[in-house]
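Chain by chain, the residues run as shown.
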Amino acid sequence: MAVSSEQIKELRERTGAGMMDCKKALEETNADIEKAVTYLREKGLAKAAKRAGRDTGEGKIISYIHGTGKTGVILELNCETDFVANNADFEALGKEIALQITAMNPLYVNEESIPKEEMENELSIQKALLEKEGKKAEQIEKILPGKMKKYYSEICLIHQTSIRDNTKTIHELVQEAIAKFGENITIRRFARFQVGGQ
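Residues numbered from 1 in each chain as written. Predicted model: local features only at pLDDT ≥ 70, side-chain atom pairs only at ≥ 80, totals over all residues. Heavy atoms only, no water.

Asks: Can you walk me through the layout of surface pockets in this structure?
Replies: Left-over empty space is what a probe sized like a water molecule reveals as it rolls over the atoms. Considering only enclosed or pocket space, the largest pocket measures out at about 940 Å³ in volume. When residues of the lining of the largest pocket are traced back to their parent elements, those giving at least two are α1 (5-15), α8 (137-155), α9 (170-181) and β3 (186-194). Considering each element in turn, the lining of the largest pocket owes the most residues, five residues, to α9. The class makeup of the residues in the lining of the largest pocket is 11 nonpolar, 12 polar and seven charged. Considering the residues around the second largest pocket, the lining is formed by D89, A92, L93, E96, L173, E176, A177, K180 and F181. Every element with two or more residues in the lining of the second largest pocket is listed here: α6 (88-104) and α9. With five residues, α9 is the largest single contributor of residues to the lining of the second largest pocket. Residue composition of the lining of the second largest pocket, by class: five nonpolar, no polar and four charged. (1 Å grid on protein atoms, 1.4 Å probe; cavity = no way out; pocket = protein on both sides within 12 Å on 5 of 7 lines; lining within 4 Å. Points joined across faces, edges and corners; volume = space filled by probe spheres on them. Helix = DSSP H or I, 4+ residues; strand = E, 2+ residues; numbered from the N terminus. Nonpolar A, V, L, I, M, F, W, Y, C, P; charged D, E, K, R; others polar.)

Right, here's the structure in full:
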């Protein structure tokens, strides 16, 4: 039975699991959403969403210097306990995120980090461009969210597609780690340095 993108979206919203995991769960359960939720819970992938609000007071500062020594990243990756912070797989996740920052140069962790004025400025630019194309007000209202989503995927780390796995975003990689470790994990902040850069 074919799985629709709407079904995948609904399952992702309900469980917090990654896109490919949701697709597999729906394929395994003949596109039955309830059974797919159970399938993901049994695999431990649905736990991530439940842990999202928990405090992340532990973690690690992870550094990555790119091959030539011209670009480097310092990243603060948080979790709930020292036990997870000292796990090699947690550090590997941090390195992968740092590599992403090095390659894709995001400006912010997520859309909540974008200054209000910058967000409003981008909104008005996109609106003006659509008006220039001759779009009507009601069309603009429908198109604008998609334009902003694209903007977030360019400048926000968690919305970027992973450079090592283009089927997942950084958010989905973190969600999978949350399910694996059984703890909430958050990217707190990062700094990217480039020789000769600002």
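Right, picking up where we left off after that structure.
Asks: I would appreciate a short explanation of α1 in the present structure.
Replies: Residues that lie three or four places apart on an α-helix share one face, since the helix turns once every 3.6 residues. Buried within α1 we find Q7, I8, L11 and T15. Axial view of α1: buried residues confined to an arc of 100°, hence all on one face. Across α1 from its buried face, at more than 90 degrees, point the exposed residues S5, E6, K9 and E13. (Buried < 20%, exposed > 50% of the residue type's maximum accessible area, 1.4 Å probe, protein only. Arc of directions from axis to C-beta.)

Asks: How do you make sense of the pairing of strand β2 (residues 71-79) when you look at a structure like this?
Replies: The side chains of a regular strand alternate between the sheet's two faces. Burial runs high along β2: eight of the nine residues are buried. Where strand β1 (residues 58-65) meets β2, eight bridges bridge the pair, whose relative direction is antiparallel. The partner of I61 across the bridge, within β2, is E76. Here β1 hands over to β2 after five residues, with G69 in that stretch at a positive phi of 80°. Sheet topology places β2 next to β3; eight bridges connect them, and they run antiparallel. Residue pairing in the sheet places T71 in a bridge with Q194 of β3. (Pairing = 2+ DSSP bridges.)

Asks: Can you help me understand the packing of α6 against α9 in this one?
Replies: Helices that pack against each other are described as a pair by the angle of their axes relative to one another and the distance between those axes. The contact between α6 and α9 brings their axes to 11 Å, and the two run at 175°. Considered as vectors, α6 and α9 are oriented roughly antiparallel to each other. Two secondary-structure elements touch here, α6 through D89, F90, L93, E96, I97 and Q100 and α9 through I170, L173, V174, A177, K180 and F181. (Axes fitted to C-alpha atoms, helices over the stretch in contact; angles between N-to-C directions. Parallel < 35°, antiparallel > 145°, perpendicular 65-115°, else oblique. Contact = heavy atoms within 4.5 Å.)

Asks: I keep staring at the packing of aromatic side chains and nothing clicks. Help me out?
Replies: Per the counting criterion, the structure on display carries two aromatic pairs. Relative to F181, the ring of F90 lies with its centre 6.4 Å away and its plane at 70°, an arrangement referred to as edge-to-face. On the criterion of sequence distance, the pair formed by F90 in helix α6 and F181 in helix α9 is long-range, its members being 91 residues apart. Residues F90 and F181 agree in their burial class; the two are buried. For the pair Y151 and Y152, a centre-to-centre distance of 5.9 Å together with 45° between the ring planes defines the contact as tilted. (Phe/Tyr/Trp six-rings, centres within 6.5 Å; stacked < 30°, edge-to-face > 60°.)

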